[in-house]
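# Summary of the model geometry
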Amino acid sequence: MTNLAISLLIGVLTGAGVYLVLRAQTFPVVLGLTLMSYGVNLFLFTMGRLHTAAPAVVGATEQSADALPQALVLTAIVIAFAMTAFVIVLALKARAALGNDHVDGTHIPQADRVIDRRKEPRA
Amino acid sequence: MNPIELLAAVVLLPFLAAPVAAWSARINRYAAAWVAGGATLLALALFAWLVAGHIGQMPVATSHAWIEAAGLTFGFRLDGLSLLFTGLILVIGLLIVIYARYYLSPNDSMGRFFAYMMMFMGAMLGVVLSENMINLVIFWELTSLASFLLISYWQHRKEARYGARLALAITGAGGLALLGGVLILGHIVGSYELTDVLANGELIKNHELYAPALILILLGVFTKSAQFPFHFWLPNAMAAPTPVSAYLHSATMVKAGIFLLARFFPALAGTELWVIIVSTAGLITFLLGAYTALFRHDLKGLLAYSTISHLGLITLLFGFGTPLAAVAGIFHIINHATFKASLFMVAGIVDHETGTRDMRRLGGLVKYMPHTAALGMIAAMAMAGVPLFNGFLSKEMFFTESVRVAGDIGPVWLLPILVSLGGLLSVAYSLRFVHDTFFGKPDGDLPKKPHEPPGMMKRPVDLLVVLCLAVGILPALVVGPLLHIAVTGVLQAEPPYYSLSLWHGLNLPLLMSAIALVGGLLIYLYRAPIFRWHARSLAHLDARAVYNRLMELLMRAGAGVTGGLDNGRLGRIVLLTLLFSLLAGLAGYLQTAGLPGVQAALDRGTVEDSGDWVTWLGMLLIIIATVVTAVGHRQRLFALISMSVVGLGVAMIFARFSAPDLAMTQLSVEVVTMILLLLALFYLPQQSRKLSSPARRWRDAGIATGIGGGIAALTYAIISRPFETISGYFLEHSVPGGGGTNVVNVILVDFRGYDTFGEITVLALAALGIFAMLHNLSLPSSRRDPFGRAWSDDPHPLMLRTFAQIILPLTLLFGVYVFLRGHNEPGGGFIAGLIVASALVAQYMAFGIENTERKLHLPIHGIIGAGLLISLGTGLVAMAAGVPFLTSNTWHFTLPLIGEIHLASALGFDLGVFLVVVGSTMLILLNLGRLTDHAIEHPDYASIEASPADGDSRGGRDA
């Protein structure tokens, strides 16, 4: 039951991440990537199986959880943060350069044209 | 030095000389030529010394292990065949270097030319001296690259660029085929060493993979040696400077294919398949080249087709598959290299001194340059196969062999007639070369007033022409020993009896020679009607047309595929990638297990699975928060908050399932991520607009469900199976090997320390990248929220300031505590770094960036740099102590009052990690926060987000 629940959770995190990544504006895409990285981290962690009250500290308890996926996930969490930061700043940069927050940059929806008009000299 | 080291030195010397030549040209134009010439001479001397010492012991071959698992060794081999080719490459190379020194005009870059030339020479020596076949292929491809660079030497010329591309495409593709063939050959024999391959001819010829191996290798041979139907790249390669044409595209590189035929002769030759393919290609090439050469008006064009024809002749000889034919083939390689290199150099002199190579304009040059004309005539007579010149002897042997094998190949009269026809045509084009250039009257004015070239430009030709004559008159004395050694190298056995005398009595081959000479003369005398007929009927045929058409189709197909997949929208690419992975996963499921298998996996549940409802409820809450984030993402602040619930929930899951380190990391990352995203959101629209249609959203939801479901099923399928962990090793060795009881931390800083080092480097790079991107960025922002309310009238609230001040020392102390205990208890550099960073960021938030910077003076870039250096230093100290990078050491000692101290060197590494994490996090957040200094003020969000025409697409504007 716990296994089923965690599998479901990982699936929902991934699915929600995928849905958001397919959106057309940058901010939801960043949210989607973050959700997906939660899903991936949990997936990797779960590969060591779920153990309760068995931290991977020598001598603390009789049994120990699998330490290897934990070590992998620990760095993955930090790297995911760096990636999120990089992508969101890229999005800011794109917005400054292109005047909109569409992922393609080239597509300028009506709403964001205001900024472009401000930059151009008045006709 | 042992012989193999000397051989390696011979091969490497030109490679070393290449950069020196390029560099020396900066000091003096001609220095490059001196370097190239000196290197060649030195290589020649080394080689001569080596040969003198080991001539009795050939073949000499050894290999040094390189990547043994892949069958790769670095080995060289010296036998008769490689001796012959090395001699040709070095001697002709030296002559060409001298010639080119005078040929190149002051506008041409000497450094570049000689650097390329040396690269080619090294590669070519590598081809002929390799013992390992993979080595051979690598050098083979290097010759193609060097040839590309040399053909396109005059980069401003369109035909040079086209010719270079064409040559690279054809020979490069052939090189790939050759690699395939060699791999099969290595598979058959079980070794890539030539010694083993050559000794196992019978095994190879009887193997079921013989045919594919042979065909692939022959593709490499035919493309390189310009055999029909791949011959058309060679005439286009004549766009290269003439010394290059003489060296690469006549004397050496195009002979690499022939070399390979000779090299693999004992291993591959003699079967029916070999005879059919090789002799057919050779015969067609021989005739086609000779015919086309006659009608070329360009001197170098004539020589190019003549080269193709002679390469065909040699291929045909090897195609016969008999040892005597191989003797004739080797002999003709030597002769062709001498007379054809001379002819190219003569053509280059004519071009150099008159400004044109068009035989319709040239004529009567014998009056202006008698010396050059004499050289041209002698070499052309050798090419035509006139008695007393070297070409006659090998052509006579060629005719003899043709007559001998004619019965096996077709009707007994067919082959002799065809080869006589080829001989006849070569007499005709040789006559044309001489007569149209040096005799008769020039047609119109020449661009330059012709005169003899500088003496040194003729010396190389003098030498080669003397050789043509010497071999032609006294063959047994001049070339006999070399030929014997070379043929022994080809056959890997004692050669059969052959006679190198001028006179073999009145026989059929002599008659064929006579017919060729007389017939060629007649054709040349009555050339006018033949030329008219050719112009009417065949002149428009061009093998390039097929190639161009193929390339065009390939380009169009490529553009079609790219255009069909990529319409310039990133969303499309993401969608396709996701769909593909979904399909791949699905295919995998169905293939390995099928639906019943999946069902069985779901039913199994073999691993004991305890559970408590609190945990399940927590998971349910996270699921709900996730769905809420996805569905409500258009209200961005709201989505962000619900996503933070998910993040915290994930941290709780880590805590629940025995991963305290992960829980702490996730928790602190969550804090900084939220600050980050909130800061970023300040400069972005507060709401997402509905940019996609409902249909598209349902489609995306469908894909998301599919992928999410697949991942869930995959996870469940894996974790419901019993499994054996490999972490036992880490548990056991954590204390003795790493000196710490917290296995996760020991893995990070010790067992997998190198990975961690890479990861903090990535972190630092990301932070620096962000710093660069944010530099001088200005973004529109507003003091009001989307609903028109002011964000805040007090940027630094008193409550925040007070608490931040109280909390700072406590948090810092906690950070130090977490850091220090990290090796034995949950904690460590990553977590401590994040905790300290959030404490510091809280200060900046409470008091403003300017104020806090004045107070703290944190050199953030310096912190990152110091962290990386400390981590690296810890690893290097271990190396200095003679153990592998990052091996940790532990010390135990007792201090008064404090008690037993346990210190691991890994602590130093973890300190580096800590500093990088603190520095990177601060750098990112502070620079994002600092953006407000440059922000463009807007009265409110409405003016940023929407034009009046678009009001309906935004929810909540009127709320």
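Keep in mind the model is a prediction, meaning the values are calculated, not measured. (Residues numbered from 1 in each chain as written. Chains lettered and ligands numbered in written order. Predicted model: local features only at pLDDT ≥ 70, side-chain atom pairs only at ≥ 80, totals over all residues. Heavy atoms only, no water.)

### Here we look at the side chain of B:Asp462
- With respect to the helices, strands and loops of the structure, B:Asp462 is situated in helix α20 (residues 455-473).
- Each residue touching B:Asp462, except ones within four places of it in the same chain, is listed here: B:His371 and B:Leu375. (Helix = DSSP H or I, 4+ residues; strand = E, 2+ residues; numbered from the N terminus. Contact = heavy atoms within 4.5 Å.)

### Topic: the nonpolar core
- Judged by nonpolar contacts, the single largest core of 197 residues is most densely connected at B:Phe114, B:Trp233, B:Leu268, B:Trp274, B:Phe318 and B:Ile330.
- Counting residues per element, this core draws most heavily on helix α16 (residues 323-354) of chain B, at 18 residues.
- Discounting chain neighbours no more than four positions away, the residues touching B:Phe114 are B:Ala21, B:Ala32, B:Ala33, B:Ala36, B:Val97, B:Ala100, B:Arg101 and B:Leu104.
- In this structure, A:Leu13, A:Ala82, A:Ile88 and B:Leu676 belong to the second largest nonpolar core, which totals 119 residues. (Core = buried A, V, L, I, M, F, W, Y, C linked by side-chain atoms within 4.5 Å. Buried < 20%, exposed > 50% of the residue type's maximum accessible area, 1.4 Å probe, protein only.)

### Details of the packing of aromatic side chains
- Tallied over the full model, the rule gives 22 aromatic pairs over all chains.
- Note on B:Phe85 and B:Phe259: the rings are 5.0 Å apart at their centroids and 75° apart in plane angle, and the pair reads as edge-to-face. Note that B:Phe85 is positioned in helix α3 (residues 80-103) and B:Phe259 in helix α12 (residues 255-263), a separation of 174 residues in sequence. Accessibility assignment for this pair places B:Phe85 and B:Phe259 in one class, buried.
- Through successive ring pairs, a cluster of aromatic residues spans B:Phe113, B:Phe114, B:Tyr153 and B:Trp154.
- Between A:Arg23 and the ring centre of A:Tyr19, over which it is positioned, the NZ or CZ distance is 4.3 Å.
- Positioned above the aromatic ring of B:Phe657 is the side chain of B:Arg656, whose terminal nitrogen or guanidinium carbon lies 5.8 Å from the ring centre. (Phe/Tyr/Trp six-rings, centres within 6.5 Å; stacked < 30°, edge-to-face > 60°. Lys NZ or Arg CZ within 6 Å of the ring centre and 35° of its normal.)

### Topic: the side chain of B:Ser513
Residues and elements named next belong to chain B.
- Relative to the assigned elements, Ser 513 resides in helix α23 (residues 508-525).
- Take Ser 513: its relative accessible area is 6%, and that puts it in the buried class.
- Those residues in contact with Ser 513, other than ones at most four positions away along the chain, are Phe 392, Glu 396 and Phe 399.

### Describing the interface of chain A and chain B
- Counting from both sides, the interface comprises 86 residues of chain A and, opposite them, 111 residues of chain B.
- Here chain A and chain B share an interface that buries about 8900 Å² over both sides, 76% of which is from carbon and sulfur atoms.
- The three residues of chain A that bury the most area against chain B are A:Phe27, A:Arg49 and A:Phe81, which together make up 8% of that side's buried surface.
- Ionic pairing is found between A:Asp101 and B:Arg636, a salt bridge with its closest N-O pair at 3.0 Å.
- There are 14 residue pairs in polar contact (both at pLDDT 80 or more) connecting chain A and chain B.
- Sorting the residues of the side of chain A that touches chain B by element identifies α1 (2-21), α2 (26-46), α3 (67-98) and α4 (113-119) of chain A as the ones contributing at least two each.
- No other element matches the 22 residues that α3(A) contributes to the side of chain A that touches chain B. (Buried area = accessible area lost by both parts, 1.4 Å probe. Salt bridge = Lys/Arg side-chain N within 4 Å of Asp/Glu carboxyl O. Polar contact = N/O pair within 3.5 Å; in protein donor to acceptor, adjacent residues only side chain to side chain.)

### Notes on the UniProt feature "transmembrane region" (unreviewed entry) in chain A
Residues and elements named next belong to chain A.
- The residues that UniProt annotates with the feature "transmembrane region" (unreviewed entry) are residues 6-22, 29-47 and 67-92.
- With 95% helix and 0% strand, the stretch residues 29-47 has end C-alpha atoms that lie 27 Å from each other.
- Helix makes up 100% of residues 67-92 and strand 0%. Its end C-alpha atoms lie 38 Å apart. (UniProt positions renumbered as here; feature names shortened; annotations may be inferred.)

### Examining the environment of B:Leu667
All names here are of chain B.
- Examined against the element boundaries, Leu 667 turns out to sit in helix α30 (residues 660-682).
- Between the alpha carbons of Leu 667 and Phe 654 there is a distance of 10.0 Å; along the sequence they are 13 residues apart.
- Leave out the neighbours within four places in its chain, and Leu 667 touches Leu 648 and Ala 651.

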